[in-house]
Amino acid sequence: MRCPSISTFSILLMQLLLTSSCCPLAQGLKLQAKVNENGNIDILMVHDGKLWLRSSEVFIRSNGRLHSSNPPSTTESSVGLLKVYSIERGIEGSDIFGSFNTTTVTWVTEDSVKVEFSVSEYHEGGQIIFTQRFPQGLNITSANDPDQVITSFPSFQLPNKQKNKLSYSRGFLAYAGSMMGSEYVIDRWGNASDSLPGGMRSTGPLVIFDDDGNNDLDKNHDGSKNNSPSSNQRAQQRAGGDAIVLSAFSQFMSANQVNDNSSNLLRYGIMGNVTEVPLNFEMKFIISADKGINKAMHMWGEKLLKYYGKSRAALEQDLTINYLGYATDNGAWYYYNTEGNKSYEETLIEVRKQHTDKMKIPYRFLQIDSWWYYQDEKSWGTHGIKNWTAKPDVFPHGLDYVYNHTNWPYIAHNRFWSNNTDYAQQNGGDFKFCMDDKKSFPLEQSFWEFLFDYGKSWGLYVYEQDWLFGEDDMNHCTLSSATSARTWLLQMGRSAHKHGVYIQYCMEPSRFVLQSVEIPQVSQARASEDYKPGSDQWRIGITSIFGDALALAPLKDNFWSNSSEIGRYGTQVEEYPDLQAAVSTLSTASVLPSDSMFSPNVSLILKSVRADGMLLKPDSPAKMTDKAIISQLRPQSSSSSVTTPTIIGDLWISHSYVSGLVFPQVFAAESSAYSLGVEEIVESCSVELNLEEEEEDKNDGDTAKEERCLPSMFSSSSFSSLYLAVNTASPHPLKTLTYVSSSSFSSSIGDKAQQPSSHMLNLPKTTKASFEVWSLSPVLRNGWSLLGDVSKWVPVASKRFQQIEEIGRGNRGEMINNNISGMASQLSATILGSPGETVTVYAAYLKNKQDVESLESSLILFSATCVLPESGSSRVTFPQKTCLYI
């Protein structure tokens, strides 16, 4: 079945198509798994035959003993032999990914316990899936260390530093720690035995990648100058080197990744404190391959989403990641703090009056943190939940009173449950809990039904489950079971779905992000540490890759919008409020100012939104580029003759999609000087657009192939690879107007030979104060470009514009009339917003000059100011500058 053209549908349907069965997943690179008679496996890339991973010893723990396929490799004295019982090859099967061939090795212990370890190699799609299956279950299994594993398959050899030079031409990115893996590690694969993380808090996706896709186009393999790189070379350079992603593929909450230094192995299996494995229990792991780090992560995520049937619909439907909100989280002015002698109830109602009613800041929801409910002072570390109801000194008239006076639904915070919680039967409550030393754990679906019934009575919209690392990896109820943590989250998700409540994960290790693929109501997760004025927790360019891959909005947290606020946290001030606002907007998650009553920077906050509070954000979040990630690798050699590569810094790219066109944003902060061409900017987009003019372009050679991610509306025309760009971080964006073109553009126009660098986006060295946000707009076939609403961070957002149409396009190569009064071409677009909102739209017309160097002088700017009618939409047309109410 052929998918419909993207230009036919809204951006929502386009995002849903990413996980729809209408279109198969892109093929990616093909992997091969070779299984020998000892049960060991080699993982190779088919297109070049290179070895990526080689497996080694497998083991299980059963009946209080370790059973290994290679007993001498362990130091334990009571190690039993795990030997091959049978190998069954050529088992054909098929699933949602297509057909595959499975090899199953049955292993048996000396006391006749059998386990089945299998590897499935798919004929298409670029993935291999490993399965651990336990027909008899396992008993007395604990290794007494939650960061270890009680089963090990697959187990891959880590590089030997002295012997494996190839491992140093590869790097890895491993997500570790809480907050969406924000303590990630980037290093050479050859250093993996020293630096690769693992265990309960650091089992996340592992990306291993070639860095040879980072080579310069103007050099041949022998170092000589390449004066005319081919389209294939350009495509390979843009796509990056080969990359694979390894992760759990099922039972995410009990799966561990372990760097076993004693045997120099990377192990995957069931976490180390599990005491027994149920009958017929299965756990799966996946290796997925593609070109480039970002694309490999995106396609890996699409496979998990497709397998578990989770769409990206929640990203469009969750109000709190589509409208502006106000926060009282850690770092906020009113975090455990009220205004004067007022209660929280009085303070928040007054914030509504001051910020929204008087200053016209269109907040649409309120985040309330841990200060509002009853906590147990005797609980672990910090106070656990005793009772999730509002304290009378905080909300004297109840949460519903504030909701009714502000019309703001809540993101409501929760943390781990105290073992003294009022809800547990052990304490006289109504529900079964598993009790730990200082914590407890709900065991019944009915508990969540009760909790969300209560929440909906006072305006609960998003349930924020915080302290996830402590709830899971410091609680014997979850650590000792292979299934209880997953059951807990599924129960939470089912009741949330029934009650129309969305879920935010916070302080979440990577396993929670992975688990979210089974829970459609989880729409967002924290992607950085808690905000405090002056902190650097805005750096979400790498965690956003992870979150976006699994359809989660990567939340930066709240921020102060004014640099003059002081006194709440000693002498701390927010020196870079513009940076905080820009990152929040580009994250595609919530934008959460948290200023004091009288201090918000209104103009800065409004730069992110429409008048009705709708966020004007990209459709895919800002993510660090492959080259910026690769630049963080250590040199391949410690030799003094080796030049340390320049670290690019925080260079991120996001995209908006309107009418089948791609409008990228380029963010740079604390970054080195760097130049990007259209290929690197536009072809990093994760959506593959359909070519509307496939037949017309079929005789254009390699051009159509190399520009598959460029909008088909102007593919392969004289303006096929030309964008106009403005820096929206500048106080005067139009004064920064420049153009960016691809190498094919510079080589096909004019008599003079053009250097590609002269048409690149040349970024200067930046700091946090001098950060830049470049918004790029394609020049259409008829010479027009929609620059949009340049007063916003994202001038052309899908929530501001729809139905962009070029009129009078003409044939390819036709000269455009230079006489504006008799202009034969037009540009029109539909403006979306709030009734009565005033929107100024900019467009540019580019006369078709044959000399690239004179393009700037041939540029003509237009602006039209429209006041939106009751319908909230108007049709603007250029060059007439008319606004037609619709």
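Residues numbered from 1 in each chain as written. Predicted model: local features only at pLDDT ≥ 70, side-chain atom pairs only at ≥ 80, totals over all residues. Heavy atoms only, no water.

### Observations regarding the overall build of the protein chain
Point 1. Secondary structure assignment for the protein chain yields 21 helices and 48 strands.
Point 2. Long-range pairs, those at least 24 residues apart, make up 70% of the contacts in the protein chain between residues at least 6 apart in sequence.
Point 3. Only carbon and sulfur atoms are counted for the fraction: they give 47% of the accessible area of the protein chain, which is about 32,000 Å². (Helix = DSSP H or I, 4+ residues; strand = E, 2+ residues; numbered from the N terminus. Contact = heavy atoms within 4.5 Å. Areas by Shrake-Rupley, 256 points an atom, 1.4 Å probe, with all protein chains shown as cover.)

### Considering the state of the cysteines
Point 1. Under the defined criterion, the tally for this structure stands at two disulfides.
Point 2. Each sulfur in the disulfide pair Cys 434 and Cys 477 lies 1.9 Å from the other. Every disulfide takes its handedness from the sign of the S-S torsion; for Cys 434 and Cys 477 that torsion is -85°, giving left-handed. A residue pair is termed long-range when its members are at least 10 positions apart, and Cys 434 in strand β28 (residues 433–435) and Cys 477 in helix α11 (residues 476–479) qualify at 43 residues. You'll find Cys 434 and Cys 477 in the same group, each marked buried. (Disulfide = S-S within 2.5 Å. Buried < 20%, exposed > 50% of the residue type's maximum accessible area, 1.4 Å probe, protein only.)

### Focus on unusual backbone geometry
Point 1. A cis amide bond links Phe 153 with the next residue in sequence, Pro 154, at an omega value of 0°.
Point 2. Note on placement: Pro 154 falls in the loop between β12 (151–152) and β13 (155–157).

### A few points about the packing of aromatic side chains
Point 1. In total, this model carries 57 aromatic pairs according to the counting rule given.
Point 2. A ring pair is formed by Trp 388 and Tyr 463, whose centres lie 5.6 Å apart and whose planes are at 80°; its orientation type is edge-to-face. Of this pair, Trp 388 sits in strand β25 (residues 384–390) while Tyr 463 sits in strand β30 (residues 460–465), placing them 75 residues apart in sequence. For the pair shown, Trp 388 and Tyr 463 are each scored as buried.
Point 3. Between the NZ or CZ atom of Arg 364 and the centre of the ring of Tyr 323, over which it lies, the distance is 4.2 Å.
Point 4. Over the aromatic face of Phe 416 sits the side chain of Lys 439, whose NZ or CZ is 4.9 Å from the ring centroid. (Phe/Tyr/Trp six-rings, centres within 6.5 Å; stacked < 30°, edge-to-face > 60°. Lys NZ or Arg CZ within 6 Å of the ring centre and 35° of its normal.)

### Notes on the sheet that holds β12
Either a parallel or an antiparallel arrangement is found when strands of a sheet pair, and the pairing is made through backbone hydrogen bonds.
Point 1. Strand order across the open sheet formed by four strands is β6-β5-β4-β12, with mixed pairing between neighbours. Looking at strand neighbours, the two that pair on one side only are β6 (80–81) and β12, the edges of this open sheet.
Point 2. The pairing of strand β4 (residues 59–62) with β12 spans two bridges and is classified as antiparallel. Residue pairing across strands places Ile 60 opposite Thr 151, the latter belonging to β12. (Pairing = 2+ DSSP bridges.)

### Comments concerning the pattern of salt bridges
Point 1. Scanning the model with the defined rule gives 32 salt bridges in all.
Point 2. Glu 518 is the salt-bridge partner of Arg 486, the closest N and O atoms lying 2.8 Å from each other. Residue Arg 486 is located in helix α12 (residues 484–499), and its partner Glu 518 is located in the loop between α13 (510–515) and β32 (522–526); the two are separated by 32 residues in the primary sequence.
Point 3. Assessed through its relative accessible area of 25%, Arg 486 is described here as partly exposed. (Salt bridge = Lys/Arg side-chain N within 4 Å of Asp/Glu carboxyl O.)

### A closer look at the packing of helix α7 (residues 344–358) against helix α8 (residues 399–406)
Point 1. At a closest axis distance of 10 Å, the pairing of α7 and α8 adopts a crossing angle of 10°. The orientation of α7 with respect to α8, classified from their angle, is roughly parallel. Two packed elements cross with a definite hand, and for α7 against α8 that hand is right-handed. Touching Glu 345, Leu 348, Ile 349 and Arg 352 of α7 are Tyr 401, Val 402, His 405 and Thr 406, all from α8.
Point 2. Here the residues of the contact of α7 with α8 sort into four nonpolar, two polar and two charged. (Axes fitted to C-alpha atoms, helices over the stretch in contact; angles between N-to-C directions. Parallel < 35°, antiparallel > 145°, perpendicular 65-115°, else oblique. Left-handed = near helix turned anticlockwise from the far one by under 90°. Nonpolar A, V, L, I, M, F, W, Y, C, P; charged D, E, K, R; others polar.)

### Some words on the environment of Ser 94
Point 1. Tracing the chain through its elements places Ser 94 in strand β7 (residues 83–95).
Point 2. C-alpha separation for the pair Ser 94 and Tyr 122, spaced 28 residues apart in sequence, amounts to 8.7 Å.
Point 3. Among residues more than four places away in sequence, those in contact with Ser 94 are Ser 99 and Phe 100.

### A look at the environment of Gln 127
Point 1. Position of Gln 127 relative to the elements: it lies in strand β10 (residues 127–134).
Point 2. Accessibility expressed as a relative area gives 2% for Gln 127, which makes it buried.
Point 3. Once residues lying within four places of it in the same chain are set aside, the contact partners of Gln 127 are Leu 31, Phe 97, Ser 120, Tyr 122, Ile 286, Ile 287, Ser 288 and Lys 303.
Point 4. Side-chain polar atoms of Gln 127 contact the backbone oxygen of Glu 124, separated by 3.4 Å.
Point 5. Within the structure, the side chain of Gln 127 is placed 3.0 Å from the side chain of Lys 303, a separation counted as a polar contact. (Polar contact = N/O pair within 3.5 Å; in protein donor to acceptor, adjacent residues only side chain to side chain.)

### Considering the environment of Phe 209
Point 1. In this fold, Phe 209 is placed in strand β16 (residues 206–210).
Point 2. In this structure the C-alpha to C-alpha distance between Phe 209 and Gly 240, which are 31 residues apart in sequence, comes to 9.0 Å.
Point 3. The residues contacting Phe 209, other than those within four sequence positions of it, are Trp 52, Ser 169, Arg 170, Gly 171, Phe 172, Leu 173, Asp 242, Ala 243, Ile 293, Ile 629, Ile 630 and Leu 633.

### Remarks on the sheet that holds strand β44 (residues 826–832)
Point 1. In space, the four strands of this open sheet follow the order β43-β44-β47-β48, with antiparallel pairing throughout. The sheet terminates laterally at β43 (801–807) and β48 (882–885), the two strands that pair on one side only. Sheet twist, expressed as the mean angle between neighbouring strand axes with direction ignored, is 20°.
Point 2. Relative to β44, β43 runs antiparallel, the two sharing five bridges. The residue of β44 that forms the bridge with Ile 807 is Gln 826.

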